[in-house]
Amino acid sequence: LMVKLLKHNMMSLLQIHGVNSYNVKDNTFQQPDTDDTPFSANSLETVYGPEIYRLIMSITINLHTYCQEDMTYIKILMLIILFDPANENLIESEKEIVKNLLNKYISLLYSYMREQIGYEKSSYIFKLMLFEISRINDLASWFEKAVIEKSNYDYIRPLMKEIFSFPSDNTPPSS
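Residues numbered from 1 in each chain as written. Predicted model: local features only at pLDDT ≥ 70, side-chain atom pairs only at ≥ 80, totals over all residues. Heavy atoms only, no water.

Caption draft 1: The overall build of the chain, seen in detail. Across its full length, the chain holds seven helices and three strands. Shown N-terminal to C-terminal, the secondary structure of the chain runs as helices and strands in the order α-β-β-β-α-α-α-α-α-α. Within the chain, contacts between residues at least 6 apart in sequence are counted, and of these 58% link residues at least 24 apart. Carbon and sulfur atoms make up 54% of the accessible area of the chain, which amounts to about 10600 Å² in all. (Helix = DSSP H or I, 4+ residues; strand = E, 2+ residues; numbered from the N terminus. Contact = heavy atoms within 4.5 Å. Areas by Shrake-Rupley, 256 points an atom, 1.4 Å probe, with all protein chains shown as cover.)

Caption draft 2: Main features of the nonpolar core. Ile16, Met57, Leu63, Leu77, Leu109, Met113 and Met129 are the most contacted members of the largest nonpolar core, which totals 40 residues. Of all the secondary-structure elements, those providing two or more residues to this core are helix H1 (2-20), helix H3 (50-67), helix H4 (71-82), helix H5 (92-117) and helix H6 (119-150). (Core = buried A, V, L, I, M, F, W, Y, C linked by side-chain atoms within 4.5 Å. Buried < 20%, exposed > 50% of the residue type's maximum accessible area, 1.4 Å probe, protein only.)

Caption draft 3: Fine view of the packing of H3 against H4. Where H3 contacts H4, the two axes come as close as 8 Å, and the packing angle between them is 120°. Considering their axes alone, H3 and H4 lie oblique with respect to each other. Crossing geometry of H3 relative to H4 is assigned as right-handed. Facing H3, whose interface residues are Leu63, Tyr66 and Cys67, H4 presents Tyr73, Ile74 and Leu77. A per-class count over the contact of H3 with H4 returns six nonpolar, no polar and no charged. (Axes fitted to C-alpha atoms, helices over the stretch in contact; angles between N-to-C directions. Parallel < 35°, antiparallel > 145°, perpendicular 65-115°, else oblique. Left-handed = near helix turned anticlockwise from the far one by under 90°. Nonpolar A, V, L, I, M, F, W, Y, C, P; charged D, E, K, R; others polar.)

Caption draft 4: H1, seen in detail. Given a rise of 1.5 Å per residue, 19 residues ought to cover 27 Å, yet the end C-alpha atoms of H1 are separated by just 22 Å, more than 12% below that figure. The largest bend in H1 amounts to roughly 65° and is located at Asn9. (Expected span 1.5 Å × (residues − 1). Bend = angle between axes of the 7 residues up to and from the residue.)

Caption draft 5: Representation of the packing of aromatic side chains within the structure. Throughout the structure, instances matching the rule amount to eight aromatic pairs. Judged by centre distance (4.9 Å) and plane angle (80°), the ring pair of Tyr48 and Phe143 falls under edge-to-face. In this pair, Tyr48 is assigned in helix H2 (residues 43-48) and Phe143 in helix H6, connecting sequence segments 95 residues apart. Tyr48 gets classed as partly exposed once you look at its relative accessible area, which sits at 33%. (Phe/Tyr/Trp six-rings, centres within 6.5 Å; stacked < 30°, edge-to-face > 60°.)

Caption draft 6: Focus on unusual backbone geometry. Its identity is not glycine, yet Asn27 carries a phi of approximately 55°, on the positive side. With respect to the secondary-structure elements, Asn27 resides in the loop between strand E1 (22-23) and strand E2 (28-29). In this structure, Asp33 is a non-glycine residue whose phi angle is positive, near 60°. By secondary structure assignment, the location of Asp33 is in the loop between E2 and strand E3 (39-40).

Caption draft 7: How the structure looks around the sheet that holds E1. With antiparallel pairing, the three strands of this open sheet are ordered in space as E1-E2-E3. Looking along the sheet, the strands with just one partner apiece sit at the ends: E1 and E3. Relative to E3, E2 runs antiparallel, the two being bridged by two bridges. Bridge pairing links Phe29 to Phe39 in E3. (Pairing = 2+ DSSP bridges.)

This is the structure:
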């Protein structure tokens with residue numbers, strides 16, 4: 001079950017992980033608590049174009065602001081993304097398990113927010129965070145589609161073929 005969830009949600013998880021590594025002051029990304037070389041957020045525009053760059057940065061900056069540098073929020077949001085029951089690879093009993101876990105993590109996030117920032121503010125920010133999650137999932141779908149359409153099947157590793165839903169019969173994806 002966990003493998004199915006990870007495969008299905010990998011791109012969304014990577015997107016939200018970027019929030020954890022974003023430095024607003026320098027407009028860079030760097031893995032926290034490492035000596036990795038930071039890379040400029042502006043380089044994303046060169047790779048993905050201005051529209052996708054603006055979307056990535058909008059989501060990143062919004063979540064970074066909503067989380068107020070409290071990475072507990074990001075960690076719980078990662079669990080909410082991971083336990084998405086809208087996964088065609090899950091059987092009904094698995095979907096029910098995942099849905100129950102999702103509800104627990106949503107409740108945990110909301111309760112944590114109420115403790116940290118109060119009831120009124122948490123209700124508002126909670127809704128904004130969930131909206132950003134939907135934007136992350138849309139962006140992840142775009143990335144998956146772009147990888148499938150622009151990659152040569154012969155050079156994609158097996159795990160990546162599974163994550164990006166490449167056809168298993170070696171037929172090129174349709175446009």
